[in-house]
Every structure is written in structure tokens, then in C-alpha cells.
Amino acid sequence: MHVWSSSNQKGGVGKTTTVVTLGGLAAQGGERVLMVDLDPHGSLTAYFGHDPESLERSAYELFREGVAGREAVESLLLPTAVPGLTLLPASTALATLDRQLGRREGMGLIVSRALAAVEGEFDVAIIDCPPMLGVLMVNALAACQHLIVPVQTEFLAIKGLERMRHTLGMIEKARGLSVPYTIVPTMFDRRTRASVDSLRTLRTQFSERIWRSAIPVDTRFREASRRGLPLSHIDPAARGVEAYRMLLDDLVALEGAARRRKEAS
Ligand SMILES: Nc1ncnc2c1ncn2[C@@H]1O[C@H](COP(=O)(O)OP(=O)(O)OP(=O)(O)O)[C@@H](O)[C@H]1O
Ligand SMILES: [Mg+2]
């Protein structure tokens, strides 16, 4: 099972859109996909029609009960209208975790264990992170093999990326191994100077980690979220979908290469 996480400490950069669209595309390609909502705001959960305020069971249960058996994890999963696309929802209770048990031993590996328990049931798991550092983001980073860092192509967002890089450095130290990541420029509008300039800056400053392309601004993403479906299932030929399709292919190829390197060493 591939495990990816969509993370950035900055809000509104396209993290949730990335999870939904990659998830939709992978499901369309016949993969069994699990989307994991670790954001207490539950935007991903709300996207698929569930209310994170009133859900009785969510990813919060993993932390509260400390359970990670296959059946226990499966009992938290919700189907979506898209065949092959399953959701582990968030509820607002997740917001209390840092205060409750942030410092308790072993709390950073809860999501890794839960995913290991359903390893055989899914081909891909994609984790949506909250825009802040805390026990949830630490869990996501520990669980994933590859990190996707969406960054809006505007100057403030690039500044925020420095903070994210610092966080990754800290976590890499704590984990004792590096988390490979790909910076994905989002909401790119080639007609605006700000977008073009910031993409150029990103390419210079993060040359090794930056994805070769960019996700364009596409107003249809908003329409898709209103309809509660991945854009891939509304308009497979939309510009935004084409870009995410290329990203999906690249991520799969990257991981294949990493695996081959590991096997060879
Ligand atoms: N490529 C895009 N083109 C146009 N609009 C987009 C694009 N990507 C995302 N959006 C829109 O921008 C808004 C923010 O996106 P999204 O919710 O994915 O960001 P986020 O990083 O998950 O935010 P948060 O930090 O609040 O969780 C949403 O309304 C979404 O529909
Ligand atoms: Mg989000």
C-alpha cells in the first residue's frame, strides 16, 4: 500500500483538494483508496457529505481507544459515492488531542498502526493534514512514505514553506530517517505576474524537491466540492484534473524508483 500525506502548515493551499483529486483519480484507475481525514475542521469529511460536528465515530477513536485491530479500524470507515473510494472521517473532537495526550508515549504512531491493520484492504492511503504542527501532523508524517506539500503560487505561501521545511527537519531528526517530499505548486495562474514569479522562486529555492509541473487555477474544483464528488468524476478532462493525473503518475513512479533502490541496496 502506498501511503501519502498532504501537508503544509499554511492554510488554504490546496491540501484537501489534493487528497480528493488524487483519491478520485486513483479510484478511477481501479485502485482501492482510503482517504484519511486528520484535520479537526473535517473539510475532507464534509466534502463527502458528513458533518464533523456530529459524527459519533471518527479517527479520534483511534487515539482515544488506542485500538488498531483490523475490525476496529474498519468499523470507522465510511463509503463514498465513488466506487473504490473510502473515508476515515474526522470529527471536531480531534482538536482536543494535543491537550489530552500530546505528550503520552507512542502517540505519534497511532495512524501508522491503524493503516498497517488495513494494509491488505487498500492500495493507496492519502492523509489530509490540518494546517498546523501537532500530534496529528506528526502522526501523518510518521505514517507516510511520501509527503506531498501543496504550496500556493504566491509570495506569502513561499515564506510559509520555510517553516514547513524547518518542521520537517525537526521531525526527520526525531524519526531518525528522512521523509521524502514533493512540493506541489497549486492554484497557478500563468496570466498573473505574482503566480509566474513565485513559481520561478520556488523552482530556484527548492530545486530538488519541486514537482516538474504545477496545478493550475481551475474554478471547477469549487464546483466539484459543492457537488461532493472529486472533479475527476465530474469532468475528467478539466485542466486541474489533467494536472493531478500527471502528479499521480509521477508519485507512483517516484515510489517505484525508491523501492527499487531499497531492494538493490
Ligand atoms: N487548483 C485550484 N484552483 C482553484 N481553486 C482551488 C484549487 N485548489 C483548491 N482550490 C480551492 O481553494 C480553497 C482551499 O483549498 P483546500 O481546502 O484544498 O485547501 P487546504 O490547504 O486543505 O485548506 P485548509 O488549510 O483550510 O485545510 C477551496 O475552496 C478549493 O476549492
Ligand atoms: Mg484542508
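See the structure printed just above.
Parameters at a glance
- Residues numbered from 1 in each chain as written.
- Chains lettered and ligands numbered in written order.
- Predicted model: local features only at pLDDT ≥ 70, side-chain atom pairs only at ≥ 80, totals over all residues.
- Heavy atoms only, no water.
- Pairing = 2+ DSSP bridges.
- Helix = DSSP H or I, 4+ residues; strand = E, 2+ residues; numbered from the N terminus.
- Contact = heavy atoms within 4.5 Å.
- Axes fitted to C-alpha atoms, helices over the stretch in contact; angles between N-to-C directions.
- Buried < 20%, exposed > 50% of the residue type's maximum accessible area, 1.4 Å probe, protein only.
- Near = heavy atom within 4 Å.
- Polar contact = N/O pair within 3.5 Å; in protein donor to acceptor, adjacent residues only side chain to side chain.
- Areas by Shrake-Rupley, 256 points an atom, 1.4 Å probe, with all protein chains shown as cover.

Peer 1: What am I meant to see in the sheet that holds strand β5 (residues 124-128) here?
Peer 2: The strand order across the open sheet formed by seven strands is β3-β4-β2-β5-β1-β6-β7, and the pairing between neighbours is mixed. Each edge of the open sheet carries a strand with a single partner, namely β3 (78-79) and β7 (181-186). As paired elements, strand β2 (residues 33-37) and β5 share five bridges and run parallel to each other. Each bridged residue has a counterpart across the sheet, and for L34 the counterpart in β5 is A125. Most of the contacts of helix α6 (residues 110-117) go to β5, to which it runs at about 155 degrees, and overall it touches β1 (2-6), β2 and β5. Packing against the sheet, helix α11 (residues 239-264) makes contact with β1, β6 (146-152) and β7, and its axis sits at approximately 125 degrees to β1.

Peer 1: Honestly, unusual backbone geometry in this entry has me stumped. Any pointers?
Peer 2: Across the chain, the bulk of peptide bonds are trans and the bulk of non-glycine residues have phi less than zero. Non-glycine residue M187 carries a positive phi angle of around 50 degrees. Judged by relative accessible area, M187 falls into the partly exposed class, the value being 33%.

Peer 1: Would you take a moment to explain the pairing of β2 for this structure?
Peer 2: Side chains on a regular strand alternate between the two faces of the sheet. Counting buried residues along β2, five of its five residues qualify, which places the element largely inside the surrounding structure. Across the two faces of β2 the burial is the same, with V33, M35 and D37 and L34 and V36 all buried. As defined by bridge partners, β2 adjoins strand β4 (residues 85-88) across four bridges and the pair is classed as parallel. Bridging from a neighbouring strand, M35 pairs with L87 of β4.

Peer 1: Looking at this model, I keep getting lost on the site of ligand 1. Mind explaining?
Peer 2: Around ligand 1 lies a shell of 16 residues, among which K15, T16, T17, P216 and D218 are the nearest. In this structure, an oxygen atom belonging to ligand 1 sits 3.0 Å away from a main-chain N or O atom of G12. The side chain of T17 places a nitrogen or oxygen atom 2.6 Å from an oxygen atom of ligand 1. Protein contacts shield 81% of the accessible area of ligand 1, which totals 630 Å² for the unbound molecule.

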